[in-house]
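# Summary of structural features
Spelled out, the chains give:
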Amino acid sequence: MSLTVLALLNRNGSLESVALELIDKAKKFYNNEINVILPVADIDTTAIVSQLEQAGADKIYVVKNKKLAKYSTNHYKMAVLEVLEKINPDIFLIGATANGRDLAPRIASALGVGLTADCTELSINEDGKLAATRPTFGGSLMATILSKKTPQMATVRPNVFKRPQMILDNKAILEEITVDFPKHIDTVEELNYIPKTLQTSSIADADILFAAGRGIKTKENFKMLSDIAQVMGGKVAASRALVDMGFCSNQIQVGQTGKTVTPKIYVACGISGAIQHIEGMKGAQTIIAINSDKDAPIFKVADYKIVGDLDEILPELLHKVKRF
Amino acid sequence: MNIVVCLKQVPDTQDIKWTDKGTMIRDGVESIINPYDEFALEYALYIKDKYPDTQITVLSMGPMQAQELLKSAIAKGADNAILACDKKFAGADTYATSLTLAHVIKKFIPDFDLILCGQFAIDGDTAQTPSSLAGHLDIDQVTFVKKIIDFNSEGLILQKETEDAYIDMRINYPCVVSVLQTDIIPRKYSIKGYIDAENFNVTVVNSVDIDIDESLIGFKGSPTYVSRSFHPEFERNSTDLTGTNAEIVNDLVKLIREQKTEGKE
């Protein structure tokens, strides 16, 4: 009986922090052993192992092969399957990052088991099964999903669970496994790696977010909101509707298919408040919503409501903050 | 070249309205092609523009009405359309869905080169079906594709997008490629295409036609199931900010400044 978490590395060699969030969460709802699978090239893993230990891992399987230096669907699939076969966990959790989401369905289909995507809550039910809860069908409902087979697999997005409290003296058992790959494993080849500029990847860290939805109506208004955000030391974010309208990149999208954010202040401008969006921002400390429709669902999660016209409020707000 | 494009019929989530109790009002909600799948179809058509003898088969699993969306793809230039339609397919999770699609492809389009999918469906939003389909077919995949840079009769060069990078990748056929929303604008169909498509016969296949065991499809074949569903409760007590716009803006700025400094040492 064990719960296993997959730990993947970023390209710069650091650990994807969602792995730590998953270990910490698992500690809270699972009473047996928490294992970690860590696929890596032949590198020094001391620092990463100690992060995993301090999050609460009991046993870490370090899977080594130089082909694991960067993510590849087939190599990672084979490496992870090899460990899973050996330890046969009850539950297997994967962070819903680009690589995690690419890999998880391959593993589930190879094992013939189910996979619940983008869970926002995990627990053990009265029968001892993993109860994985996620928003579903057009965002109208939350569904708690059970799995008929083991391992019971689920993915969780980064930032959905809190950063763990470090347990400084926790030590894990380490087991190193060397995997071998056949010579020709796939036809996929990386040609060029182009890092994104920092500027576009930081709404998750902002203290103040000014988020725009379809109700912002014009690109001029969106520009004005960006200016307001900048003057006030915040960042601009957007709902999926606005991304779909081509106003901005999905890098700044908040919600179930975008980023989960937990700023001090979230100002929702012209966002109606679909559940997928709310799932991504409900953890904000203070939520201020501005919308012309007094019945907009966003108001239900707001600490402060402003029923008003953004065409008028935005210029007034920009004027006001610029004078400071 | 032989391309399969997977299309899903979804409710237009932009149209969805909720009752006071939070249930969905289904009346008058239009069904559309999942927007991400439109990009997958556009890429197939784009390849056909360059290699006109390319055969494009559009494939969907769903109710009989989904024939309409397949016909709209025919109107745009797809050559064949297959609808997997059977009451026994109902209630499938992503595992059973992708297994069913894999069976249809193996049976009816066995010599495919490329399978194009939208990365997400706007209703389910799991993003799992493309990888799972590649898994069931045991072929290579590139997911989260932002653009197709180049292609020939051997394979493609694609740009994938991750959280922190764009990655150019090469992949050979046969393979699954799933696409994000991209800069290309899906084409509209021509009037002639529309008229031709009206009389097009969509091939409708059921579970018997694809030789799949009943225990592997639909609700029965799904390794996951919904045990409980509920309306989320995350209401907060809210305070109204009212007055003239100038007063509202004053309050707002004051509020933001207070909250921003709160908790700072």
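Use the structure listed above.
A short tour of the structure in this document, coming up. On a predicted model such as this, the values are computed, not experimentally measured, just so you know.

## Details of the overall build of chain A
Along the backbone of chain A there are 8 helices and 16 strands. For 324 residues, the compact-globule estimate of 2.2 N^0.38 gives 20 Å, and the C-alpha radius of gyration of chain A, at 22 Å, lies within 12% of that figure. For chain A, the C-alpha atoms occupy an extent of roughly 65 × 50 × 40 Å along the three principal directions. The contacts of chain A with a sequence gap of at least 6 include a subset with a gap of at least 24, amounting to 65%. When the accessible surface of chain A is split by element, carbon and sulfur atoms take 49% of a total near 13,000 Å². Taken as two groups, the 38 positive and 36 negative side-chain charges of chain A have centres that lie 3 Å from each other.

## Regarding the side chain of Arg134 of chain A
Residue and element names in this part refer to chain A. Relative to the helices and strands, Arg134 resides in strand S7 (residues 130-136). The side chain of Arg134 is buried and forms no salt bridge, while Asp118, the nearest opposite charge, is found at 4.3 Å. Of note is the side chain of Arg134, whose polar atom sits 2.5 Å from the backbone oxygen of Ala117.

## Concerning helix H7 (residues 245-261) of chain B
Its 17 residues place the ends of H7 of chain B 24 Å apart at the C-alpha level, agreeing with the 24 Å of an ideal helix rising 1.5 Å per residue. Residues of H7 of chain B that are buried include every one of Ile248, Val249, Leu252, Val253, Leu255, Ile256 and Gln259 of chain B, and no others. For H7 of chain B, the angular spread of buried residues about the axis comes to 160 degrees, placing them on one side. In H7 of chain B, those exposed residues whose orientation departs by more than 90 degrees from the buried face are Lys254 and Thr261 of chain B. On its buried face, H7 of chain B sits against strand S12 (208-212), strand S14 (265-269), strand S15 (286-291), strand S16 (304-307) and helix H8 (310-322) of chain A.

## Overview of the sheet that holds strand S9 (residues 152-156) of chain A
Residues and elements named next belong to chain A. The 7 strands lie next to each other as S5-S9-S4-S1-S2-S3-S10, forming an open sheet whose pairing is parallel. The outermost strands of the open sheet, each flanked by one partner alone, are strand S5 (115-116) and strand S10 (173-178). Sheet analysis places strand S1 (residues 2-6) next to strand S2 (residues 33-40), joined by 5 bridges and oriented parallel. By the bridge assignment for S2, Thr4 is matched with Asn35. Relative to the sheet, helix H2 (residues 46-55) contacts S2, strand S3 (59-64) and S10, its axis offset from that of S2 by approximately 160 degrees.

Cut-off values and rules
- Residues numbered from 1 in each chain as written.
- Chains lettered and ligands numbered in written order.
- Predicted model: local features only at pLDDT ≥ 70, side-chain atom pairs only at ≥ 80, totals over all residues.
- Heavy atoms only, no water.
- Helix = DSSP H or I, 4+ residues; strand = E, 2+ residues; numbered from the N terminus.
- Rg over C-alpha atoms; globule rule 2.2 N^0.38 Å.
- Contact = heavy atoms within 4.5 Å.
- Areas by Shrake-Rupley, 256 points an atom, 1.4 Å probe, with all protein chains shown as cover.
- Lys, Arg positive; Asp, Glu negative; His and termini not counted.
- Charge placed at Lys NZ, Arg CZ, Asp CG, Glu CD.
- Buried < 20%, exposed > 50% of the residue type's maximum accessible area, 1.4 Å probe, protein only.
- Salt bridge = Lys/Arg side-chain N within 4 Å of Asp/Glu carboxyl O.
- Polar contact = N/O pair within 3.5 Å; in protein donor to acceptor, adjacent residues only side chain to side chain.
- Expected span 1.5 Å × (residues − 1).
- Arc of directions from axis to C-beta.
- Pairing = 2+ DSSP bridges.
- Axes fitted to C-alpha atoms, helices over the stretch in contact; angles between N-to-C directions.

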